[in-house]
2 protein chains.
Amino acid sequence: MTRVVRDPDEMRDVVATAKRNRFSVGFVPTMGALHEGHRSLMRASWRENDRTVVSIYVNPLQFAPQEDFERYPRNLERDVESCAAEKVDVVFAPAVARMRPPGHSTSVAVAGLSHDFEGAQRPGHFDGVATIVAALFCLVQPDRAYLGQKDFQQAVVIRRMVRDLQMPVRVVVCPIVRDPDGLALSSRNVYLSAEDRTEGLRLPRALEKAERAVLGGEADGDLLRTMLRDAMRSSRRDVTVDYADVVHPETLVSLGKIDGHAVLLACLRVGAVRLLDNRVVAPAGTPAWEA
Amino acid sequence: MTRVVRDPDEMRDVVATAKRNRFSVGFVPTMGALHEGHRSLMRASWRENDRTVVSIYVNPLQFAPQEDFERYPRNLERDVESCAAEKVDVVFAPAVARMRPPGHSTSVAVAGLSHDFEGAQRPGHFDGVATIVAALFCLVQPDRAYLGQKDFQQAVVIRRMVRDLQMPVRVVVCPIVRDPDGLALSSRNVYLSAEDRTEGLRLPRALEKAERAVLGGEADGDLLRTMLRDAMRSSRRDVTVDYADVVHPETLVSLGKIDGHAVLLACLRVGAVRLLDNRVVAPAGTPAWEA
C-alpha cells in the first residue's frame, strides 16, 4: 500500500520509524506529472532499498516569474497511481505553505556549476532546486537519491551540494528514458504539437550524430559544437538552439579536446518549450563511465 | 574517554553507530579556544543526551580577508582536555581541506536576518557560519545543538536555517557566561589589555542599565537605544559603538515600542576587538522567554 503523506512532521515520523527498523531509504524527488522516466527511477530505488519515498512538489522557487509554474501539469491522483504501480511506499506531497512557511529566508546555492546552460537561461533556477532538494534530503534522510540523467546539470549541481554539505546521501543518476521516436521523456512534452515534436527530434538526432563522430575519432570540441548546432538547424524561426556544448561531466567546463568522458549537452527551444537532452560520450576504448 | 576524530568519514561512522544504538546525540559546534561558556554548553548537552560531540573547527569562510583567521587562538590539546573534563564523547576536529575540498562551491545563506548588526560589520560572515553549520549538522546529525546566547544573531540565523531546511535538529540557546566583573566570555577576550577590559565593561553595564529602565516601565525603543549609546560613551577615541539596538528576538527587527520580549543587542569596539553582548528583556510581568 502506498501511503500519501502531506504533513512534513508526519513524513519525519515515518522516516524515523524506518530508520529505527534499520530500513534503507531510497528517494525520488519529483515535481509530479510522472512519466516512464520517473518510474524508471522508482524501480531503481525499489531494487536497491528497503523503502522508497517519492516526493511530489512543484517548487515555486525554481520557476522564474514568467515561467509555467501556474500551468505546470498537476494530477496527484494519477501520480499516486503510478507510484502505487511501482510499489512505492510513501508519496510525500507537501503544501507550499509547509515547505516555505512565512519568513522563509534560507537559500542554498552551488556557484560555478549553476552559472551556465540552464542557469544562464533560467536565473535563480538552480538556487531554487538546491534549496528544495537540500530541505527534502534533510526531511527524508534517504540513503540513496535517484535523479534522471535528462537533467544532467541538475544532477551535477545536486551531487556537488551533497558532497559540499556533507550530506550522507548517495546520488544515483539513472539513464534517460526516451519515447520510441527518440525524444527524451519530459513532463513538459505535453505542451508539444505533433509538428513541434518532429522539430524536437532534431535534438536527439544531433546528439547521436555527434556521438558517432566521437566514436569515429573526432575529438575537437569546437567542431563537435558546430556539428550539433548545424544538425539542429530548422527553417522554423521559433526553433532555436539555447545551447549546444561539449563539457566535462563533473565540472561542466567546456572542452577544447575530448580525451576521456565528455557530455554533449544541448537545449533546443521549440516554440515556448525548451527541450533538454544530453549524451555521455568518450573516444572508442574508454572504460565505462560511472554516473 | 574522549575520542578525537579528524576524518569526516570516521565521524560519519561514529554517528551511524550511535544512531544504530538509538543513542541521542547532543552537539556543540565551536571554533576551539574553549572557555567556561563553551563548557556550559557541553554540560547542557551532557545532561540532555546519551552522547555529546564537540566540533573544533576554525572556519575560514566566516572570517573576512582582513580579520584574525590566522591569529585566532588555537590550542587543540588544551581544548581536548576541557572536553574530557566535561565528559564529552567525541571531539571532531577536521582539517580545512576535508571540510572544504577542491571545487567546494556550495553556500547556505539566510537572507534578512544576516543583513544587519554583525552581518553589516562583517560582510559574508553569516553565509560562512550557515554553510559550515549546515555541513556539520548533516555530518553529526545531532538531535540537539547547543549555542551560546552571547552570539545572539548567530543563534537566530542558525535556528531559521534549521527550520527552513527542515533539519531534524533542536537548537538550544544557553545563557551567556560572564567573568566575575560582568564581561561576557569570548575567545577573543585574550586580545584585551587590562585597560581595554575596563573600557569593555561599559557594554554589560549599559545593557544592565537599559534592562532596569525596561523593568521600570520604559518601553520607547529610541530612548533605550540612546540610553545604551550614552552609557557606552568613552573618552578613548578607539572605543566606539558598532551598534546598539532594541530588536525583536526572532526577526531582529528594530522595535519602536517594547510590548513583549525584546533583545538589547550591542557591540562595543575596544581598539581592534569587537565585544558582543545582549540581554533579553521584557516589561515587568511578562511570562518567561523560551530561548
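Nothing here was measured: the structure is a model prediction, and the numbers come from that model.

## Some points on the domain arrangement of chain A
Residue and element names in this part refer to chain A.
So, point 1. On domain assignment, one finds that chain A holds domain 1 (3-174) and domain 2 (187-279).
So, point 2. Between the C-alpha centres of domain 1 and domain 2 the distance comes to 26 Å.
So, point 3. Domain 1 puts 14 residues into the contact, and the matching count from domain 2 is eleven residues.

## Here's the deal with helix α1 (residues 8-20) of chain A
Residues and elements named next belong to chain A.
So, point 1. Taking 1.5 Å of rise per residue, the 13 residues of α1 would be expected to cover 18 Å, and the 18 Å separating its terminal C-alpha atoms lies within 8% of that figure.
So, point 2. The complete set of buried residues in α1 reads Met11, Val14, Val15 and Ala18. All buried residues of α1 lie within an arc of 95° about the axis, which places them on one face of the element. Across α1 from its buried face, at more than 90 degrees, point the exposed residues Asp9, Asp13, Ala16, Thr17 and Arg20.

## Topic: unusual backbone geometry
All names here are of chain A.
So, point 1. Phi at Arg22 takes a positive value of approximately 60°, unusual for a residue other than glycine.
So, point 2. Within the secondary structure, Arg22 sits in the loop between α1 and β2 (25-30).
So, point 3. The class for Arg22 is exposed, based on 9 C-beta atoms found within 10 Å.

## So, the relation of the copies chain A and chain B
So, point 1. Placing chain A over chain B gives an RMSD of 0.0 Å and needs a rotation angle of 180°, together with 0.0 Å of translation along the axis. When the rotation and shift are considered jointly, the pair of chain copies conforms to a two-fold rotation axis. For chain A, the smallest separation between a C-alpha atom and the rotation axis is recorded for Val108 of chain A, amounting to 2.3 Å.
So, point 2. The overlap is high: 100% of the interface residues of chain A also sit at the interface in chain B, so the same surface is used on both sides.

## Section: the pairing of strand β6 (residues 144-148) of chain B
Residue and element names in this part refer to chain B.
So, point 1. Of all five residues making up β6, four are buried, and the element is well covered by its neighbours.
So, point 2. Where strand β2 (residues 25-30) lies against β6, two bridges are found, and the strand directions are parallel. In the strand pairing of β6, Phe27 is matched with Ala145.
So, point 3. As paired elements, β6 and strand β7 (residues 170-174) share five bridges and run parallel to each other. Each residue of the ladder has a partner; that of Ala145, found in β7, is Val171.

## Details of the interface of chain A and chain B
So, point 1. Tallying the contact residues gives 23 residues for chain A and 23 residues for chain B.
So, point 2. Among the secondary structure elements, those contributing two or more residues to the side of chain A that touches chain B are α1, β5 (106-110), α6 (125-140) and α7 (152-164) of chain A.
So, point 3. Its residues assigned to classes, the side of chain A that touches chain B comprises 14 nonpolar, six polar and three charged.
So, point 4. Examined bridge by bridge, β5 of chain A and strand β5 (residues 106-110) of chain B share five bridges and lie antiparallel to one another. When the bridges of β5 of chain B are listed, Ser107 of chain A appears paired with Ala109 of chain B.

Each value, and the rule that gives it
- Residues numbered from 1 in each chain as written.
- Chains lettered and ligands numbered in written order.
- Predicted model: local features only at pLDDT ≥ 70, side-chain atom pairs only at ≥ 80, totals over all residues.
- Domains from an automatic or database assignment.
- Contact = placed C-beta atoms within 7 Å.
- Helix = DSSP H or I, 4+ residues; strand = E, 2+ residues; numbered from the N terminus.
- Expected span 1.5 Å × (residues − 1).
- Buried ≥ 20, exposed ≤ 12 C-beta atoms within 10 Å, placed from the backbone.
- Arc of directions from axis to C-beta.
- Least-squares fit on C-alpha atoms with pLDDT ≥ 70 in both.
- Pairing = 2+ DSSP bridges.
- Nonpolar A, V, L, I, M, F, W, Y, C, P; charged D, E, K, R; others polar.

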